[in-house]
Structures are given as structure tokens and as C-alpha cells.
Amino acid sequence: VTARLLLGRPVADAIWAELSSSLPDLVARLARPPCLALVQGTDPAAQAYARTIQRAFERHALTTRLHDASIAHADLRHQLARLSRDPDVDGVLLLAPLPGGIAVAEVVDALDPARDVDGLHPFNLGRLAQRRPTFVPATALGGLRLLQHYDVELAGRRAVVVGRSPIVGLPLALLLLDANATVTVCHSRTPDLAAVTREADLLCVAAGRAGLIGMNYVKPGAVVLDFGTNPTPDGSLVGDVDAAAVAERAAALTPVPNGTGSVTTAVLATQTLAAARARRGA
Ligand code: NAP
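Residues numbered from 1 in each chain as written. Predicted model: local features only at pLDDT ≥ 70, side-chain atom pairs only at ≥ 80, totals over all residues. Heavy atoms only, no water.

Undergrad: Is there a simple way to explain the side chain of T197 in this structure?
TA: Relative to the helices and strands, T197 is located in helix 8 (residues 193-197). Look past the residues within four positions of T197 in its chain and what remains in contact with it is V160, V162, L203 and Y217. (Helix = DSSP H or I, 4+ residues; strand = E, 2+ residues; numbered from the N terminus. Contact = heavy atoms within 4.5 Å.)

Undergrad: Explanation requested: the pairing of strand 4 (residues 91-94) in the structure shown.
TA: Where burial is concerned, the two faces of strand 4 agree: the one with G91 and L93 and the one with V92 and L94 are both buried. Of the pairings in the sheet, the one linking strand 2 (residues 35-40) to strand 4 comprises 4 bridges and is parallel in character. Residue pairing in the sheet places L38 in a bridge with L93 of strand 4. (Buried < 20%, exposed > 50% of the residue type's maximum accessible area, 1.4 Å probe, protein only. Pairing = 2+ DSSP bridges.)

Undergrad: Explanation requested: the sheet that holds strand 4 in the structure shown.
TA: Remark on secondary structure: sheet strands pair via backbone hydrogen bonds, oriented parallel or antiparallel. Spatially, 3-2-4 is the arrangement adopted by the 3 strands of the open sheet, whose pairing is parallel. With one partner strand each, in any of the chains shown, strand 3 (63-68) and strand 4 form the two edges of the open sheet. Going from strand to strand, the sheet's axes swing by 25° on average, the running direction of each strand aside. Bridge count for strand 2 against strand 3 is 6 bridges, and the pairing is parallel. Bridging across to strand 3, C35 finds its partner in T63. (Axes fitted to C-alpha atoms, helices over the stretch in contact; angles between N-to-C directions.)

Undergrad: Would you take a moment to explain the site of the ligand for this structure?
TA: Near the ligand there are 22 residues, and of these R164, S165, S188, T229 and T264 occur at the shortest range. Take R164: an N or O atom from its side chain is 2.7 Å from an oxygen atom of the ligand. Between the ligand and T264 there is a distance of 3.0 Å, counted from an oxygen atom to a side-chain nitrogen or oxygen. In isolation the ligand exposes 930 Å². Once the protein is present, 70% of that is buried. Split by residue class, the shell around the ligand holds 8 nonpolar, 12 polar and 2 charged. (Near = heavy atom within 4 Å. Polar contact = N/O pair within 3.5 Å; in protein donor to acceptor, adjacent residues only side chain to side chain. Areas by Shrake-Rupley, 256 points an atom, 1.4 Å probe, with all protein chains shown as cover. Nonpolar A, V, L, I, M, F, W, Y, C, P; charged D, E, K, R; others polar.)

Undergrad: Would you take a moment to explain the packing of helix 6 (residues 138-149) against helix 10 (residues 261-280) for this structure?
TA: Packed helices, taken two at a time, are described by their axes: the angle between them and the distance between them. Remark: helix 6 packs on helix 10, axes separated minimally by 8 Å, with the N-to-C direction vectors making an angle of 105°. Taken as axis vectors, helix 6 and helix 10 run roughly perpendicular relative to one another. Counting all contacts with helix 6, which are made through A138, T139, L141, G142, R145 and L146, the residues of helix 10 involved are V263, T264, V267, L268 and Q271. For the contact of helix 6 with helix 10, the residue count by class is 6 nonpolar, 4 polar and 1 charged. (Parallel < 35°, antiparallel > 145°, perpendicular 65-115°, else oblique.)

Following this line, the structure appears as C-alpha cells:
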């Protein structure tokens, strides 16, 4: 077998096309383009992600604003509260890692959940757990959109998610549960990981460990989503899945790069528009 490659770009293009068709009406109602505030520190990976978002938003006639997160903990909370009241801002994204070792979880509750377009606020994660409409972390929702785009059957299938972070693994597990998959979540304390992952019809990996998933972790014919983005010494990126080996066993696989990561920004834009629409009652 050589697995079918599930590319992210066509999925992102379809999301952007859908979004662009509804944009003129929203811009007319707002009397300005929708705007996402990016709150970031000095971490190079976070800054690179912010630039990717800025470029994509500008290409599609959406705006972004940059805000410096290199301030004291209390000031950062005030900044998030201020941005939550700013009439020119529709969504706010906190780019981790934040400076000074501040964890996103320590400050995110200062944000109005209605502006939390990357679903980091406990209120929004709670709504997701209750299977109610809400903002969802864009990487996780991007994974679901990719599966839907490629018509991957979810209802009644065995899904295994490796990773339980509130930004990727956990919300993805909740989305798959909502899509009626039977979901198992693995983490660093899971004994004999391969025995569990080999049960999966759908294997989603978000561990941040290069090459963690080899061929003997995968059931023949499985669909494998790789969320890992691990920098290599030569400056390229590799996933958590040993793609060359796993491609011999899986039916389909997302590459790294050009897989799940390509969908994230488009989903973030969709949720920014939804936040703008909700505020306008549109
Ligand atoms: P994280 O917060 O470090 O969480 C990693 C998770 O993987 C944890 O739950 C951890 O278990 C688990 N884990 C680590 N090593 C493991 C092992 N050997 N076996 C089983 N589970 C293991 O990372 P994250 O923010 O979720 O990100 C995960 C990966 O996704 C990273 O490579 C990150 O760069 C990437 N990412 C991609 C996108 C995208 O758009 N594609 C967006 C965000 C992140 P414990 O809970 O027990 O520690």
C-alpha cells in the first residue's frame, strides 16, 4: 500500500472560498473589515505563525492588529479585557508561548469568551464538551474539516487521539466524539501506546515527538492525521508520524508540512467572521 496523501491546501481553499462569498455583506454591516487582534511575545515560532496569519488575512481582505504580550501578568490580563471591549476588534488570539513563562491558561479567562476565536477560554472548551455550538481551537477544528472534506467516515469508527493538550488533542477528541466516533485518548502515561493505536480506524497524533508513530503503531487501512510540527536541525519540519514507513500501511495520511497545519488559519478566519457576525446580531 502507498497511502493517499490528504493535503491541507484544497481544504483551506474551500473554506476561504466559502468565507469570501459571505464577506461583502458582513463588511457592509460592520462598516469595516473583520479584525483579529494577535497578542504575541518574542518567541520566533509564535511570531512566524503570526506573520502567516497576517498574510493570509490580508490576502482575503481581513485585518489583523498586533499587540505586545511582553508585559506583566496583571497588565496582560488588563490588555485582554480592554481588547474584549474594543469596538474595532472582533476576535483575539493569544500566541503561545507567552513571554515571562506566563501560561495561556493563567490569563485567557480575562478575555470575553465571545472574542475567543481560538477556543482557549474554559467557557468555550466547556461548551464543546457539552456538544454545544462554540469557538473551537482552530487546529483541532481544522482536522475535523479536513476529514469531512475527504469524506472520511467517522460515525461508529474507532478513533485514537495521541495527545491531550487543551489546544489540539483534547478538543479534537471532543469533536470526534460529537461526530459519533468511539474515541480513545492517549498521553505520555499510556502504557504500550502501539497496542492502543493499532486499534484505530482513525489515528490522530498531536504529541510533538518527531517520528513517534512508526509502521507497527498503525492498523492496515487506517486514516492517519499528523498534527506534529517538529523543527529539524536543517530548518525543515517533520511530523510525529514516520511518514515513509506508515504510508506503506495506512490508507491515507496527512503530510507534514502541507497537511493539517494548512487548514488552521482558514478556520481561524471563519471563527473571526462568526464572532463579528454574532456581535452585529447578523
Ligand atoms: P503539548 O501541549 O506539548 O501536548 C503534547 C501531548 O502529547 C501531551 O498530552 C502529552 O502527554 C502527549 N505526549 C507527549 N509525548 C508522548 C508520547 N511519547 N506518547 C504519548 N503521548 C505523548 O503539545 P500541543 O500544543 O498539543 O502540540 C502537539 C503538536 O502539535 C506539536 O508538534 C505542535 O507543534 C503541533 N501543533 C500543530 C498545530 C498545527 O496547526 N498543525 C497547531 C498547534 C500545535 P501528557 O499530557 O501526559 O504530557
